[in-house]
Amino acid sequence: MSAQHPSEYMEMMRRLGGMAAGTDMQALLAQMSQMGLNTPNAQASASSALNSENESALPTIEQQLEQVKQAEERWKIERNASPVPFQRTDRRYWELSRAAGAAKLKPGPAGNIMTFTTMIGQDKYHSSCPLSKLKPITLRQMSCYKRHEGRYLVCRTFLPPVRLVAVELFVEDTNGDTMYTAVYNLPELFQASLPVLESHYPVGTVLAIREPWMKKSGMGGTNMMLRVDSSSDIIILSPTSSISSDAQWSTTLPAAVSLSLRDADAWKAVGNSLFKQKHYLPAVRAWTFAYRMEPTMYTAPLNRAQAYLKLGWASAALADALLALRTVASNEQKYKAVHRAATAEYALGLYAECSRRCEEYGLLHGADELAHLKSACTDRLREAGGRIDMVKLYEASLGKAVDLDVADYVSPSICLASMSSRGGGRGIRATHPVIVGDLLMLHKPFAAVRPEDLSSQEYLVAMNFATKVMTVASNVALIGQIIGKLVALPVEDARRVTDLYAGPSFPSKSSYDLLHLPTAEPVPIDPLSWRDVDVGMVDGIMSKNAFSLHPLSSLGGSKTRPAKEAMPRALYTAPSLFNHSCDPNAVWTSVGTTIVIRAVKNIRVDEEITIPYVSGTTAFERSKTLRGFFPQPCGCDMCVADRQASDAVLEKREVLLNEMTNASGRRPDEQEKFVRAQLKKILSTYPNKDTLADGTPHPVLTIAYASVMKAVQKNVVQRGGKAGAEEIIRLAFKILAYAGFKGIDTSMTSAPGRRFSLPLSKRCVGVHGEQSYLVHVMLHIAENFLEVLAQGICAERWYRAAWWAHNVYYGGGKELFALRLGQQLWDSSLMRDMEYRWD
Ligand SMILES: [Zn+2]
């Protein structure tokens, strides 16, 4: 190692920062010192670890915009830098670097959190040229700051891998020159442990890197490295490949023995052992090596089918199971192949095919497992026809982000259409009249990430160039998951995702089949060489389409949403095609990870159907998030009405509202006085009082009145009497009206004949407030009518309104309502014995 430059050790210091306790740091520091490397101050680097309490603390939107802008500029400078010749790095440097990286990944004491920063949404290289059309190149023929188009690098790993955000492979080429390669978005390896990394890339793994890009490490680092953004650019070479067998290595690897095996049975045994350890993808590769050495080894595809099922690669599993079915000899193997094929068809949603297959084979052999699968297919086909049991789905999830066993459903009353009002873009429109509460779509995710799946020892922030703001680990993990699924799909099926909107830099697609069924005769995949993936496009698709889920839970549970970074994130195919409106005519909820979209207004034929992408009290607030989706400001009625006021006025409303809702610590009577005064100030920001009565929803006022109601509630019991209850009811009416409910019957008495007539219009429900909260407001009105005002008929009517609104939002009728409300509340209320109907 020659002359030292301070930034040369940045990377080493980065690795040493947050290193796990118990590492022999002193020994490492001593070695670094012997090599002439500056040694980092261990104390200073350890203090950079974040507290878990700060985990959700992203900077303000304005700060994020600035930081992302700076990162974007640095990225551009690096992409446009002039090439400089390759410079060798001593193997020993990589050994130490790898040791430091590995030490950091060893599980440390709780509270020791590693922080990572990464970038997503930028233009990224990916090769679409097949290996056979590329020419070889070696490291010393390459240049830094250059992408080597038309070339591929043959190399092999000489150290076990480690990772930061990317997986880091330490590779040597045939000349023995060494290089560090950061590979992003490798399937199955997001936040992977050392043993998992090693099972995927054991020492001696021979690779071809297509059209490699050499740059310098980190931002402003001086070590050269290869950066591979698309994992499809890395091809694992089987020992039988001619490139691999022709390679003349100038070094000898002590640990490479097992990888040079030319014995099919030995590879088969390696695969079996890896499968037992649940290293499914490495097992698939080992079996593939065996199969290529011994093309009559029909058990290889049979075994691979099972591993693919474990990986969730149903299409690849089906292809291999069908191949095995045609080739395996024994009845036992045939049965396995049938079962695997049927399981894969079920996972793909090919229920009719699965059912037929089970019947065909089940009749012959009377297999219980197949009979069970066939009966599940009957349930799924019923659901695909629109008969969906929301109660069963709720009971299977209970507020948790679990994947549910349910068929996807698309209403026959909607279609995809080109929208002239959307600049030629696509949207969903009604082909038949839609009634408020109609189920429009129910869909399982293409990919989903739950916060609990992510490491609590790592904190990852990504600069998202597609949305210009920062984002958290779940989104980065979701990109990896999407890619992990895409690589294993036939092209036709992958289009379900790649044809979604990816942002203005990618061509938009016009055709899309809402009711697409996967390819029934799938093409086998090559587990050594992925299908090409444009990672920049996938980043854009994730950024513009992913949903933050808040799975349906108990009505009595927490009414505050978790911070956005603590919510599960998921990507859906058809549900992504709805456009946004701040005042939508449909809303989405989730049961487990399944998304459910229902109409919240009556919708005419040909009318566009929209859902809200964001919530927010004013156009000013909503635009902060919406600019991640659209370059233009939102043109909905609510935003247009809001924008008649200046940004300054909108911001003032936000500030007043925040002061109001965050106020605490006062005595109840003082609190009431304060929020009433605050409400007056907010109302005075609306110059034209008529706009408050014209029926346009006002989320600011929904929240303002809610906070007045809450404060009054605390004093009402003391004040006693009917006046208090009447005031609560009047405040509740305001909350509902500004949330978007229409035709509210504000009378305080009702004739018995009106028992079954709802006290509000059935044309729409309010959506400008937490839906469960709005249902609670109706229950609250009913309770006040019943218990204080002794107006039983009014109470009944408002209980029915709560039922009706709940059913519009969530479906599931009386049973789901009762389940979510909880037995105790249900038992104590009049509702239990009421007839579940309304006129
Ligand atoms: Zn809007």
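Read on for an overview of the structure. (Residues numbered from 1 in each chain as written. Predicted model: local features only at pLDDT ≥ 70, side-chain atom pairs only at ≥ 80, totals over all residues. Heavy atoms only, no water.)

1. Digging into the overall build of the protein chain
Test applied: Under the DSSP-based scheme used, a helix requires at least four consecutive residues in state H or I and a strand at least two consecutive residues in state E, with every element numbered from the N terminus. Accessible area is worked out with a 1.4 Å probe on protein chains only. A residue is then buried under 20% of its type maximum, exposed over 50%, and partly exposed in between. Here, two residues are considered to be in contact whenever any of their heavy atoms come within 4.5 Å of each other. Using a 1.4 Å probe, the Shrake-Rupley method yields the accessible areas, and only the shown protein chains count as cover for residues.
Per the secondary structure count, the protein chain includes 28 helices and 26 strands. Burial analysis of the protein chain (839 residues in total) assigns 56% to the buried set. Within the protein chain, counting contacts between residues at least 6 apart in sequence, those at least 24 apart form 73% of the total. A total of about 35700 Å² of accessible surface is found on the protein chain, and carbon and sulfur atoms cover 51% of it.

2. Examining the coordination of the zinc ion
We count it as follows: Donor criterion used throughout: N, O or S atom within 2.8 Å of the metal, extended to 3.2 Å for Na, K and Ca. Water excluded; incomplete-looking sites may result. A four-donor site is classed as tetrahedral when every donor-metal-donor angle falls between 85 and 135 degrees; four donors are called square planar, and six octahedral, when trans pairs exceed 155 degrees and all remaining angles lie between 65 and 115, with any other arrangement labelled irregular.
Summarising the metal site, the zinc ion is bound by the protein donors Cys 582 (SG), Cys 634 (SG), Cys 636 (SG) and Cys 639 (SG), whose distances to it range over 2.2 to 2.3 Å. Given four donor atoms and angles of 104 to 115° at the metal, the environment of the zinc ion is assigned as tetrahedral. Sequence spacing of the donors to the zinc ion: C-x51-C-x1-C-x2-C. On the accessibility criterion, Cys 634 (14% relative accessible area) is buried.

3. Considering the pairing of strand E2 (residues 114–120)
The criterion, for reference: When DSSP finds two or more bridges between two strands, those strands count as paired.
For E2, a buried count of five out of seven residues is recorded, marking the element as mostly surrounded by other parts of the structure. Where E2 meets strand E19 (residues 458–464), seven bridges bridge the pair, whose relative direction is parallel. From the neighbouring strand, Thr 118 faces E19, where its bridge partner is Ala 462.

4. So, the packing of aromatic side chains
Using the following cut-off: Ring geometry is summarised as follows: Phe, Tyr and Trp rings, the Trp one being its six-membered ring, pair when their centres sit within 6.5 Å, and such pairs are stacked at plane angles under 30 degrees, edge-to-face over 60 and tilted between the two.
Inspection of every chain in the model, using the stated rule, returns 21 aromatic pairs. On the numbers, 5.8 Å between centres and 20° between planes, the contact of Tyr 705 with Tyr 738 is stacked. Remark: Tyr 738 occurs in helix H24 (residues 721–739) and Tyr 705 occurs in helix H23 (residues 699–719); sequence separation between them is 33 residues. You can call Tyr 705 buried: its relative accessible area is 7%. Under the relative-accessibility criterion, Tyr 738 is labelled buried at 8%.

5. Notes on the environment of Ala 367
With respect to the helices and strands, Ala 367 occurs in the loop between helix H13 (351–365) and helix H14 (368–384). Residue classification places Ala 367 among the buried residues on the basis of a relative accessible area of 13%. Each C-alpha atom of the pair Ala 367 and Tyr 335 lies 9.0 Å from the other, and the pair is 32 residues apart in sequence. Ignoring sequence-local partners within four residues, the contact set of Ala 367 consists of Tyr 335 and Gly 362.

6. Focus on the sheet that holds E19
We apply this condition: Fitted lines through C-alpha atoms give the axes, limited to the stretch in contact for helices. The angle between two N-to-C directions lies from 0 to 180 degrees.
The strand order across the open sheet formed by three strands is E2-E19-E20, and the pairing between neighbours is mixed. Single-partner strands in this sheet number two, and they are E2 and strand E20 (469–472). On average, each strand axis in the sheet is tilted by 25° relative to the strand beside it, whichever way the strands run.

7. Regarding the sheet that holds strand E21 (residues 547–548)
Read across the open sheet, the three strands follow the order E18-E22-E21; overall the sheet is antiparallel. Looking at which strands have only one partner, the edges of the open sheet turn out to be strand E18 (447–449) and E21. The pairing of E21 with strand E22 (residues 569–571) spans two bridges and is classified as antiparallel. Across the sheet, residue Ser 548 finds its bridge partner in E22, namely Arg 569.

8. What to know about unusual backbone geometry
Look at Lys 468: it is not a glycine, yet its phi comes out positive at around 70°. Relative to the helices and strands, Lys 468 is located in the loop between E19 and E20. The phi angle at Asp 606 is positive, at roughly 80°, despite the residue not being glycine. In this structure, Asp 606 sits in the loop between strand E25 (594–599) and strand E26 (608–611).

9. A look at the pattern of salt bridges
As a reminder, the rule being used: By definition, a salt bridge exists where a carboxyl oxygen of Asp or Glu is found within 4 Å of a side-chain nitrogen of Lys or Arg.
Within this structure, the stated rule accounts for 43 salt bridges. Note that Arg 754 and Asp 745 form a salt bridge whose closest N and O atoms lie 3.6 Å from each other. With a shortest N-O distance of 3.2 Å, Glu 796 and Arg 755 are connected by a salt bridge. Of this pair, Glu 796 sits in helix H26 (residues 792–810) while Arg 755 is found in the loop between H24 and helix H25 (771–787), placing the two residues 41 residues apart along the sequence. Exposure remark for Arg 755: the relative accessible area of 31% places this residue in the partly exposed category.

10. Notes on the environment of Pro 282
As for its position among the elements, Pro 282 is in helix H9 (residues 280–293). In this structure, the C-alpha to C-alpha distance between Pro 282 and Val 270, residues 12 residues apart in sequence, is 9.3 Å. Residue contacts for Pro 282: discarding those within four places in its chain leaves Ser 199, His 200 and Leu 274.

11. Description of helix H22 (residues 668–683)
Formally: To estimate how far a helix should reach, multiply one less than its number of residues by 1.5 Å.
A rise of 1.5 Å per residue sets the reference length of H22, with its 16 residues, at 22 Å; its end C-alpha atoms lie 22 Å apart and thus fit the reference within 8%. Those residues of H22 that fall on the buried side of the exposure criterion are Gln 671, Glu 672, Phe 674, Val 675, Gln 678, Leu 679, Ile 682 and Leu 683.

12. Some points on the side chain of Thr 573
Examined against the element boundaries, Thr 573 turns out to sit in the loop between E22 and strand E23 (579–580). Judged by relative accessible area, which is 7%, Thr 573 ranks as buried.

13. Overview of the nonpolar core
Cut-off, in case you're wondering: Think of a nonpolar core as a cluster: buried Ala, Val, Leu, Ile, Met, Phe, Trp, Tyr and Cys residues, connected wherever their side-chain atoms sit within 4.5 Å.
Counting 134 residues, the largest nonpolar core has Met 214, Trp 313, Ile 414, Ile 482, Leu 514, Ile 597 and Ile 609 as the members making the most contacts within it. Sorting elements by how many residues they give to this core places H9 first, with 10 residues. In contact with Ile 482, other than residues within four places in its own chain, are Phe 446, Ala 447, Val 497, Val 538, Met 542 and Leu 571. Counting residues in hydrophobic clusters, the runner-up holds 82 residues, among them Val 600, Val 708, Ala 725 and Leu 821.

14. A word on the side chain of Ser 199
Quick note on the threshold: Polar contacts, as counted here, are pairs of nitrogen or oxygen atoms within 3.5 Å of one another; within protein the pair requires one atom able to donate a hydrogen and one able to accept it, and residues that are adjacent in sequence qualify only if both atoms are side-chain atoms.
When you line up the elements, Ser 199 lands in helix H6 (residues 194–200). Relative accessible area serves as the criterion here: at 12%, Ser 199 is assigned to the buried category. For Ser 199, the side chain forms a polar contact with the side chain of His 279, separated by 3.4 Å. The contacts of Ser 199, once residues within four sequence positions are left out, are Leu 274, His 279 and Pro 282.

15. Structural notes on the packing of helix H21 (residues 647–662) against H22
The test is simple: Each angle is binned into one of four classes, with values under 35 degrees roughly parallel, values over 145 roughly antiparallel, values of 65 to 115 roughly perpendicular, and all other values oblique. The crossing is said to be left-handed when, going from far helix to near helix, the turn is anticlockwise and less than a right angle, and right-handed when the turn is clockwise. Asp, Glu, Lys and Arg are counted as charged, while Ala, Val, Leu, Ile, Met, Phe, Trp, Tyr, Cys and Pro are counted as nonpolar; the rest, among them Gly, fall into the polar class.
Where H21 meets H22, the axes come as close as 10 Å, and the angle between the chain directions of the two elements is 165°. Classified by the angle their axes make, H21 and H22 are roughly antiparallel. The two elements H21 and H22 cross, and the hand of that crossing is left-handed. Contact residues: H21 offers Leu 656, Leu 657, Glu 659 and Met 660, while H22 offers Phe 674, Val 675, Gln 678, Leu 679, Lys 681 and Ile 682. Of the residues belonging to the contact of H21 with H22, the class tally is seven nonpolar, one polar and two charged.

16. A look at helix H17 (residues 491–498)
Of all the residues in H17, the buried ones are Asp 493, Ala 494, Arg 496, Val 497 and Thr 498. The elements touched by buried residues of H17 are helix H11 (314–327), helix H16 (473–486), helix H18 (535–545) and E22.

17. Some remarks on the pairing of strand E15 (residues 414–418)
Among the five residues that make up E15, four are buried, leaving the element largely enclosed by the rest of the structure. Direction of pairing for E15 relative to strand E16 (residues 426–430): antiparallel, over a ladder of five bridges. Considered in E16, the bridge of Leu 416 is made with Ile 428.

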